[in-house]
Amino acid sequence: MDALTAIFSIFAALCCIWVVWKLVSRRKSLPCPSWLYRMVEMENPLAKNSQAKTILAGLGVAEGMTVLDAGCGPGRVTLPLAKAVGADGKVIAVDLQQGMLDVVQRKAQQENFTMIEFAKLPLGEGKLPAYQADRAVMAAVLGEIPQQAAALQEVFAALKPGGVLAIAETIFDPHYQRKAHVLDLAQAAGFAEVGFTGNALAYTVYLQKP
């Protein structure tokens, strides 16, 4: 098997996994398992509007802030947030899976980041504390949550007045959520849209708590 054939085979296998995952996800909650974390920690070059640097660019994160990373996964956005808030700030990394939190914790130790706090809990089940965060992020996670409306209400309560939530989605994610659907849920929770960047492949929408 030559290199081109091998690459094509891998690509075809990934496409099959994506299709099956998307179909199954329509029937039940199916978060990315922690053993597949390398697949979701990479920045997709075709989805620049949902990359960590784009999310942070419009979020206005500053040193000393407290930021909630709701559904942090393997830390694709968590670590850039930690760099942005600095030693005097705090990032709260929340995830349902301990395996994902373990990955973020290993990365944080390698970077000597002590400003990251970890919380293992599901979103949308009334277990998210009222952190009084300055900012929050939900990157490619909303579609994995069975109780989406409740999850956004929890994040709303976890923000300070004037706090901003960034929701990032990409069509390459089997759990992709349309912007119109996200806005319906967000506005019902009390958020107001204050910014947007994106296209058909990926987007980030910014929502403010009054």
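Computed from a predicted model, the values in this text were never measured in an experiment. (Residues numbered from 1 in each chain as written. Predicted model: local features only at pLDDT ≥ 70, side-chain atom pairs only at ≥ 80, totals over all residues. Heavy atoms only, no water.)

## Here we look at the packing of aromatic side chains
Going through the model one piece at a time under the given rule, you end up with three aromatic pairs. An angle of 85° between the planes, with centres 5.1 Å apart, marks the rings of Phe-156 and Phe-191 as edge-to-face. In this pair, Phe-156 is assigned in helix α6 (residues 148-158) and Phe-191 in the loop between α7 (179-189) and β6 (192-198), connecting sequence segments 35 residues apart. Neither residue differs from the other here; Phe-156 and Phe-191 are each classed as buried. Summarising the aromatic geometry, the rings of Tyr-176 and Tyr-203 are spaced 6.3 Å apart at their centres and angled 80° between planes, so their arrangement reads as edge-to-face. (Phe/Tyr/Trp six-rings, centres within 6.5 Å; stacked < 30°, edge-to-face > 60°. Helix = DSSP H or I, 4+ residues; strand = E, 2+ residues; numbered from the N terminus. Buried < 20%, exposed > 50% of the residue type's maximum accessible area, 1.4 Å probe, protein only.)

## Points about the packing of α6 against α7
When two helices pack together, their arrangement is given by the angle between their axes and by how far apart the axes lie. Relative orientation of the contacting elements α6 and α7 amounts to 50°, with a least axis distance of 9 Å. Considered as vectors, α6 and α7 are oriented oblique to each other. In the packing of α6 onto α7, the handedness of the crossing is right-handed. Where α6 approaches α7, its residues Gln-148, Ala-149, Leu-152, Gln-153 and Phe-156 are matched on the opposing element by His-181, Val-182, Leu-185, Ala-186 and Ala-189. Looking at the contact of α6 with α7, its residues break down into seven nonpolar, three polar and no charged. (Axes fitted to C-alpha atoms, helices over the stretch in contact; angles between N-to-C directions. Parallel < 35°, antiparallel > 145°, perpendicular 65-115°, else oblique. Left-handed = near helix turned anticlockwise from the far one by under 90°. Contact = heavy atoms within 4.5 Å. Nonpolar A, V, L, I, M, F, W, Y, C, P; charged D, E, K, R; others polar.)

## A few points about α6
Taken together, the buried positions of α6 are occupied by Gln-148, Ala-151, Leu-152, Glu-154, Val-155, Phe-156 and Ala-158. Buried residues belonging to α6 abut β1 (66-70), β4 (133-139), β5 (159-170) and α7.

## Thoughts on the sheet that holds strand β3 (residues 116-120)
Strand order in the open sheet made by the seven strands is β3-β2-β1-β4-β5-β7-β6, with mixed pairing throughout. The sheet is open, and its two edges are formed by β3 and β6, each paired on a single side. When strand polarity is set aside, the average angle formed by the axes of neighbouring strands in this sheet is 15°. Bridge count between β1 and β4: three bridges; the pairing is parallel. When the sheet's bridge partners are listed, Leu-68 is paired in β4 with Ala-136. The strands touched by α6 within the sheet are β1, β4 and β5, with β5 carrying the most contacts at an inclination of about 140°. Its contacts with the sheet put α7 on β5, β6 and β7 (202-208), and the angle it makes with β7 is roughly 15°. (Pairing = 2+ DSSP bridges.)

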